[in-house]
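Commentary on secondary and tertiary structure
Listed here are the chains, written in short residue letters.
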Amino acid sequence: MTSSPSPVRSRLEPDERRRQIIDAVRPLYLARAFNDVSTAELAAAAGVARGLINHYFGSKRDLFIEVMRSSIRMPESELPDLSHLPLPDRVRLTMDWILQAAETYGQTWVSVSGAANLHGDSDLQVVVDEADDHAARLTLDAIGLPDDPHLVARLRAIAPLVKSVCREWLVRETLTRAEALDLLTDTVLLFATKEKTS
């Protein structure tokens, strides 16, 4: 009698394995503070040996940073060509697009974005700054304004407001979607069009 062959385990490529681990442990960091989550819990959530956490990320802290980086970067989705519209309409449709992305990605993006801003650690601040810079450039491109350092700086400055408004709308439910859209549209128009002073 011949024995049946053992099931073949598929080996994931390194990048795919890293993404799988990040996706698996993200809920732990949404629910609890960094120091309250052990490496053993991270490994169990990801279904891997503890040693693989260190193999793929170097340390528990490095894994946390990668979870934050992948979670707070504003998701990109297709936006139609708005170049034929007046600037106020372009801004409003772009803010509506951002709210739609926040709604689609839901509590994960909103909650993690807020949590990341609460940590004063310099390595995490670098990740937040990268995400805010990306969002500012994405917005300028969408509304048809140049990738000018001064304009990028202005829109980076309102990134915390965008996250806060999304939390008020999606988490606390103190703002309606229409109120969130009005507030963000008015703010972006103000910051993007106000004359530069010397």
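Just above sits the structure.
Below, the structure is looked at part by part. (Residues numbered from 1 in each chain as written. Predicted model: local features only at pLDDT ≥ 70, side-chain atom pairs only at ≥ 80, totals over all residues. Heavy atoms only, no water.)

**Regarding helix 1 (residues 14–31)**
- The end-to-end C-alpha distance of helix 1 is 27 Å, a good match for the 26 Å that 18 residues give at a rise of 1.5 Å each.
- Of all the bends in helix 1, the largest measures some 35° and sits at Val-25, one to four residues before the proline Pro-27. (Helix = DSSP H or I, 4+ residues; strand = E, 2+ residues; numbered from the N terminus. Expected span 1.5 Å × (residues − 1). Bend = angle between axes of the 7 residues up to and from the residue.)

**A look at the side chain of Arg-26**
- Mapped onto the fold, Arg-26 is located in helix 1.
- Judged by its relative accessible area of 13%, Arg-26 is buried.
- Among the polar contacts made by the side chain of Arg-26, one reaches the side chain of Asp-23 at a distance of 3.1 Å. (Buried < 20%, exposed > 50% of the residue type's maximum accessible area, 1.4 Å probe, protein only. Polar contact = N/O pair within 3.5 Å; in protein donor to acceptor, adjacent residues only side chain to side chain.)

**Observations concerning the side chain of Lys-163**
- Within the secondary structure layout, Lys-163 lies in helix 8 (residues 159–170).
- Relative accessible area serves as the criterion here: at 6%, Lys-163 is assigned to the buried category.
- For Lys-163, the side chain forms a polar contact with the side chain of Asp-132, separated by 2.6 Å.

**Side note on the nonpolar core**
- Core analysis: the largest hydrophobic core is formed by 28 residues, its most contacted members being Val-91, Met-95, Trp-97, Leu-99, Leu-155, Leu-184 and Val-188.
- Broken down by secondary-structure element, the contributors of at least two residues to this core are helix 5 (87–118), helix 6 (122–143), helix 7 (149–157), helix 8 and helix 9 (177–193).
- It is helix 5 that provides the largest number of residues to this core, a total of 7 residues.
- What Leu-155 contacts, discounting residues up to four positions off in sequence, is Ala-136, Thr-139, Leu-140 and Val-188. (Core = buried A, V, L, I, M, F, W, Y, C linked by side-chain atoms within 4.5 Å. Contact = heavy atoms within 4.5 Å.)

**What to know about the packing of aromatic side chains**
- In total, this model carries 3 aromatic pairs according to the counting rule given.
- Note on Tyr-29 and Phe-34: the rings are 6.2 Å apart at their centroids and 25° apart in plane angle, and the pair reads as stacked. The residues Tyr-29 and Phe-34 share a single accessibility class, namely buried.
- Residues Tyr-29 and Phe-64 carry aromatic rings whose centres are separated by 4.8 Å and whose planes lie at 70° to one another, so their mutual orientation is edge-to-face. Taken as a pair, Tyr-29 in helix 1 and Phe-64 in helix 4 (residues 60–72) lie far apart in primary sequence, 35 residues in all. The residues Tyr-29 and Phe-64 share a single accessibility class, namely buried.
- Grouped by ring-pair contacts, the aromatic residues Tyr-29, Phe-34 and Phe-64 constitute a single cluster. (Phe/Tyr/Trp six-rings, centres within 6.5 Å; stacked < 30°, edge-to-face > 60°.)

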